[in-house]
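# Examination of the molecular architecture
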Amino acid sequence: MKFSSVALAGATMGLAHATPLTERAGVTDADVLNYALTLEHLEAAFYQEGLKNYTHADFQKAGMQDPFYMNLKETASDEQQHVKFLTKALKAAGAKPVEACTYAFPATDVSSFLALGNVLEGVGVSAYLGAAASIMDKTYLTAAGSILTTEARHSAYLRAALGEAPAAQAFDNPLDFDEVYTLASMFIVSCPESNGKLPVKAFPALTMPSMAPAKTGSKVELMAAGGVSMDTKDVYAAFITVTGPVWAPLASTGNGKFEVTIPEGVAGQSYVVLTKGNKNASDDNILAGPAIVEVGEPNGPMGMGSQCSGGSSGSMTSMTSMPSMSAWSSMAMPMPTASKTMSSGSMPSMSASASASSTPVFNGASGKSMSGFASVFAALAAVAAFLQ
Ligand SMILES: *[C@@H]1O[C@H](CO)[C@@H](O)[C@H](O)[C@H]1NC(C)=O
Ligand SMILES: *[C@@H]1O[C@H](CO)[C@@H](O)[C@H](O)[C@H]1NC(C)=O
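Overview of the structure. (Residues numbered from 1 in each chain as written. Chains lettered and ligands numbered in written order. Predicted model: local features only at pLDDT ≥ 70, side-chain atom pairs only at ≥ 80, totals over all residues. Heavy atoms only, no water.)

## Remarks on the packing of aromatic side chains
Where we set the bar: Put simply, two rings from Phe, Tyr or Trp (the six-membered ring, in Trp's case) pair if the centres are within 6.5 Å, and we call them stacked under 30 degrees between planes, edge-to-face over 60, tilted for the rest. Put simply, DSSP H or I for four residues or longer makes a helix, DSSP E for two residues or longer makes a strand, and each gets a number counted from the N terminus. Only protein chains enter the accessibility calculation, which uses a 1.4 Å probe. A residue is then buried if its area is under 20% of the maximum for its type, exposed if over 50%, and partly exposed in between.
This structure, assessed with the given rule, holds 13 aromatic pairs. Here the aromatic rings of phenylalanine 46 and phenylalanine 113 are separated by 4.6 Å at their centres, their planes lie at 25°, and the arrangement is stacked. Of this pair, phenylalanine 46 sits in helix 2 (residues 29-53) while phenylalanine 113 is found in helix 5 (residues 110-131), placing the two residues 67 residues apart along the sequence. Assessed through its relative accessible area of 2%, phenylalanine 46 is described here as buried. The exposure class assigned to phenylalanine 113 is buried, which follows from its relative accessible area of 2%. On the numbers, 5.8 Å between centres and 15° between planes, the contact of phenylalanine 68 with tyrosine 157 is stacked. Separated by 89 residues along the polypeptide, phenylalanine 68 in helix 4 (residues 68-92) and tyrosine 157 in helix 6 (residues 138-161) bring together distant segments of the chain. Accessibility expressed as a relative area gives 0% for phenylalanine 68, which makes it buried. Counting every residue linked through ring pairs, the aromatic cluster contains Phe46, Tyr47, Tyr54, Phe59, Phe68, Tyr69, Tyr103, Phe105, Phe113, Tyr157 and Phe187.

Structure below.
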């Protein structure tokens, strides 16, 4: 593994020297790689913190029997290698790699840590999948693909360990840059000034008070920030899938709360957005979200040998008892109602809507900037809300 990752780095860098970073409609491959690096920094920091916070014995006590801990350490190491790899590739191509930010993860014990890790891995898969169409250089595409498949293994492993179907459906759901940033920004407190600005912005948060797995046909409650209510005309709900939006019945329950019925055709880690109109779920039409909804029946701790003991108070048998699932929603609640832009430069805001189109679309509008202070405040308020 070490060898192949080094070899791949060499190949990519060799090619990068020969070919200038390609650009399509203003989004360079460097932007895409820095976007990926932003996520890898977050994941690497998350595992590093978790492995510092919780011991091998803590995982065993929580029902995660060997070799789970060893595999988790491998996962943490994979994320660190992704960071190193993308950093090197960007440097080799003459671009400035972003550095790690300061994060706040609402994890307080092994079970909330693993539940959050599970969701983060799923978002990672969706992020690489959604970004794939924006990569111009084939060498980078292969490199990004090799990270994507690894993230998918992490995701499947954690899903199975936590009693979810490892691969709940035939096609994974792609998320575009702004959708991913909406989710990731909930954990980012601040970033170094020196980080170049990425052409991404966050939509108003959409959260689920209960993040228990939902079945097809059942209703889940959503809360929208940003003053979105049923009084807002033409509000619809769409699940994001690779073949385009799957529209779902939506009803208002007042005070910015909605009830969405889980439609046929979505399973596993799914993403729902509120949109203006029911024709198009591209960035221009998103009012809030995405919210993460796990769709499906809990599997029980199947197929992972003795990894999950189950039964005990610390068992990992059901996501319904996962504090961190609601932690994500708690984290989300105090988030800004206006879009915020990530540090950034002169780049226009980008909407490479993976679900609607394979061509990046520029709307030229940069979201309203949230001041550094306000963003720190929002993240701290979120953490405080969770800890209470
Ligand atoms: C690790 O522990 C610190 C201190 O309690 C906490 O702030 C942080 O969120 C924890 N991180 C994870 C990933 O568990
Ligand atoms: C959705 O809207 C965007 C612009 O807002 C447009 O570029 C795209 O083609 C539309 N997609 C469909 C399927 O109509």
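Additional details are given in the paragraphs that follow.
## Quick word on helix 2
What counts here: A helix is expected to reach a length of 1.5 Å times the quantity of its residues less one.
With 25 residues, helix 2 should cover 36 Å at 1.5 Å per step; its first-to-last C-alpha distance of 36 Å lies within 8% of that length. Across the 25 residues that make up helix 2, a large majority, 20, are buried.

## Considerations on the pairing of strand 13 (residues 286-295)
Here is the rule: Whether two strands pair depends on DSSP finding at least two bridges between them.
Extensive coverage of strand 13 is indicated by the burial of ten of its ten residues. Sheet topology places strand 12 (residues 268-276) next to strand 13; seven bridges connect them, and they run antiparallel. Looking across to strand 13, one finds that threonine 275 is bridged to isoleucine 286.

## As for the environment of proline 106
Structurally, proline 106 is set in the loop between strand 3 (102-103) and helix 5. Proline 106 sits 81 residues away from phenylalanine 187 along the chain, and the two C-alpha atoms are 8.3 Å apart.

## Let's talk about the packing of helix 4 against helix 5
For clarity, the cut-off: The axes are straight lines fitted to the C-alpha atoms, using for helices just the contacting stretch, and the angles between their N-to-C directions are given from 0 to 180°. Should an angle fall under 35 degrees it is called roughly parallel, over 145 degrees roughly antiparallel, and 65 to 115 degrees roughly perpendicular, with every other angle called oblique. What makes a crossing left-handed is the near helix being turned counterclockwise from the far one by less than a right angle; a clockwise turn instead makes it right-handed. Residues are treated as being in contact if the distance between any of their heavy atoms lies within 4.5 Å.
In the contact formed by helix 4 and helix 5, the axes pass within 14 Å of each other and the chain directions differ by 40°. Judged on the interaxial angle alone, helix 5 and helix 4 are oblique. Note on packing geometry: the crossing formed by helix 4 with helix 5 is left-handed. Contacts from Phe68, Leu72, Thr75, Glu79 and Leu86 in helix 4 reach Phe113, Leu114, Glu121 and Tyr128 in helix 5.

## Regarding the site of ligand 1
Stated precisely, the cut-off is as follows: We call a residue near a molecule or strand when any one of its heavy atoms sits within 4 Å of it. What qualifies as a polar contact is a pair of N or O atoms within 3.5 Å, subject to a donor-acceptor requirement within protein and to the restriction that residues adjacent in sequence count only when both atoms come from side chains. Values of accessible area rely on a 1.4 Å probe in the Shrake-Rupley scheme; residue burial ignores everything except the protein chains shown.
Around ligand 1, a shell composed of Phe46, Glu49, Gly50, Asn53, Tyr54, Phe105, Ala107 and Phe113 is seen. Tyrosine 54 places a polar side-chain atom, nitrogen or oxygen, 2.7 Å from an oxygen atom of ligand 1. Interatomic distance of 2.9 Å between a backbone N/O atom of phenylalanine 105 and an oxygen atom of ligand 1. Considered on its own, ligand 1 offers 360 Å² of accessible surface; in the complex 59% of this is hidden by protein.

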